[in-house]
Amino acid sequence: MMSHVEGYTATPAAIESNRISGEAARKRLLTGLPIAERRLELAGISTELLEGGAGPPIVLLHGPGEHAAKWLRILPELVRTHHVIAPDLPGHGASGTIEGPVHSDRVLAWLGELIERTCPTPPILVGQILGAAIAARFAAKHGNKLRCMVLSDALGLAPFQPAPEFGAALAAFITEPSPETMTASGSSAPLTSTRCAIIWARAGSGCKPTILIARRHQS
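Just so we're clear, the structure is a prediction, and the values are computed from it rather than from any experiment. (Residues numbered from 1 in each chain as written. Predicted model: local features only at pLDDT ≥ 70, side-chain atom pairs only at ≥ 80, totals over all residues. Heavy atoms only, no water.)

## Quick notes on the overall build of the chain
So, point 1. Scanning the chain for helices and strands turns up six helices and nine strands.
So, point 2. Looking at the chain residue by residue over its 219 residues, the buried ones come to 36%.
So, point 3. Nonlocal contacts in the chain, meaning residues at least 24 apart in sequence, comprise 65% of its contacts between residues at least 6 apart.
So, point 4. Per element, the accessible surface of the chain, about 12,800 Å² overall, is 59% carbon and sulfur. (Helix = DSSP H or I, 4+ residues; strand = E, 2+ residues; numbered from the N terminus. Buried < 20%, exposed > 50% of the residue type's maximum accessible area, 1.4 Å probe, protein only. Contact = heavy atoms within 4.5 Å. Areas by Shrake-Rupley, 256 points an atom, 1.4 Å probe, with all protein chains shown as cover.)

This is how it looks when you write it as structure tokens:
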């Protein structure tokens, strides 16, 4: 079976080659870091995670289109004082995907099982963008299972109001992916995530970067 996009056909051999190349790049990124990789089955989702250090547990949830290695710059410092758990979110990195529609309850069950199996005490839960949205919803339902929560640029805490240029280009590509809609605003540059971020920043997103820290009240 082949994956086909207008103007490009990916053979099984090409897909496998890309997968192997990605795994090799990941290993290079993690070389020398004081953490270990392991895989757990969580809520029926095969999950790759990075783990290391001793001390109070801290769980790190990355943003969209990323994987656990995005935390590599802070991992060496964190593992000195904490037991660090950094998973690839479902459908990201080396973790498996969720079959069928993605429901929030399934994702929250995934996170609950991750905490239950890796954290002997309530952890500090850190999330960025998509990871922050997941963390916030988990805390709303299971706050007693967390020691503290740190959210950075969380989705869903305020209305998403992108600049018209950004919103139109992104909507066109999502609705009908093609070489034409991959071009942002008539430019010859492809609509990559980096370019989207640049367009958004230049035109004004309507949102400001935020960091929110919440601690569980103990009476």
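## Topic: the environment of Ile-129
So, point 1. When you line up the elements, Ile-129 lands in the loop between strand E7 (124-128) and helix H4 (130-142).
So, point 2. Taking C-alpha positions, Ile-129 is 6.3 Å from Ser-152, a pair spaced 23 residues apart along the chain.
So, point 3. With residues up to four places along the chain from it excluded, the contact list for Ile-129 reads Gly-63, Pro-64, Ser-152, Asp-153, Ala-154 and Leu-155.

## Some points on the pairing of strand E3 (residues 36-42)
So, point 1. Strand direction decides the pairing type here: E3 and strand E4 (residues 45-52), joined by seven bridges, are antiparallel. Bridge pairing in E4 places Glu-37 opposite Leu-50.
So, point 2. Here E3 folds back onto E4, and the loop between the two strands holds two residues, one of which, Ala-43, carries a positive phi near 55°. (Pairing = 2+ DSSP bridges.)

## Quick word on the pattern of salt bridges
So, point 1. Tallied over the full model, the rule gives five salt bridges.
So, point 2. Of the charged contacts, one joins Lys-70 and Glu-66 as a salt bridge, the two residues approaching to 3.1 Å between their closest N and O atoms. (Salt bridge = Lys/Arg side-chain N within 4 Å of Asp/Glu carboxyl O.)

## Here's the deal with the nonpolar core
So, point 1. Core analysis: the largest hydrophobic core is formed by 28 residues, its most contacted members being Val-59, Leu-61, Trp-110, Leu-111 and Leu-125.
So, point 2. Elements with a contribution of two residues or more to this core: E3, E4, strand E5 (57-61), helix H3 (104-118), H4 and strand E8 (148-152).
So, point 3. The residues contacting Val-59, other than those within four sequence positions of it, are Ile-85, Pro-87, Leu-114, Ile-115, Cys-119, Pro-123, Ile-124, Leu-125 and Val-126.
So, point 4. The next biggest cluster of nonpolar side chains, apart from the first, holds 17 residues, and it includes Leu-60, Leu-75, Ile-124 and Val-126. (Core = buried A, V, L, I, M, F, W, Y, C linked by side-chain atoms within 4.5 Å.)

## Here we look at unusual backbone geometry
So, point 1. With a phi close to 55°, Ile-129 is a non-glycine residue in the positive phi region.
So, point 2. Looking at Ile-129, the relative accessible area reads 26%, which means it is partly exposed.
So, point 3. Positive phi, normally seen in glycine, also occurs at Asp-153, with a value near 50°.
So, point 4. Structurally, Asp-153 is set in the loop between E8 and helix H5 (164-175).
So, point 5. Judged by relative accessible area, Asp-153 falls into the partly exposed class, the value being 30%.

## A word on H4
So, point 1. Taking 1.5 Å of rise per residue, 13 residues should cover 18 Å, and H4 covers 18 Å from first to last C-alpha, within 8% of that figure.
So, point 2. When we look at burial in H4, the residues that qualify are Gly-131, Ala-132, Ile-134, Ala-135, Ala-136, Phe-138 and Ala-139. (Expected span 1.5 Å × (residues − 1).)

## Remarks on the packing of aromatic side chains
So, point 1. By the definition in use, this model includes zero aromatic pairs.
So, point 2. The ring of Trp-71 carries the charged tip of Lys-70 above its face, separated from the ring centre by 5.1 Å. (Phe/Tyr/Trp six-rings, centres within 6.5 Å; stacked < 30°, edge-to-face > 60°. Lys NZ or Arg CZ within 6 Å of the ring centre and 35° of its normal.)

## Comments concerning the confidence of the model for the chain
So, point 1. With 66% of its residues at a pLDDT of at least 70, the chain reaches an overall mean of 77.
So, point 2. Confidence over residues 1-6 falls short of pLDDT 50; this stretch has eleven contacts with residues more than four positions distant or in other chains.
So, point 3. For the stretch residues 184-210, pLDDT sits under 50, and the model shows 41 contacts to residues farther than four places along the chain or on other chains. (pLDDT = per-residue confidence, 0-100.)

## Observations concerning the packing of H3 against H4
So, point 1. Put simply, H3 and H4 touch, their axes get as near as 10 Å, and they point 80° apart. It follows that H3 is roughly perpendicular to H4 by the angle criterion. Facing H3, whose interface residues are Ser-104, Asp-105, Val-107, Leu-108, Leu-111, Gly-112 and Ile-115, H4 presents Ile-134, Arg-137, Phe-138 and Lys-141.
So, point 2. When its residues are assigned to classes, the contact of H3 with H4 shows six nonpolar, two polar and three charged. (Axes fitted to C-alpha atoms, helices over the stretch in contact; angles between N-to-C directions. Parallel < 35°, antiparallel > 145°, perpendicular 65-115°, else oblique. Nonpolar A, V, L, I, M, F, W, Y, C, P; charged D, E, K, R; others polar.)

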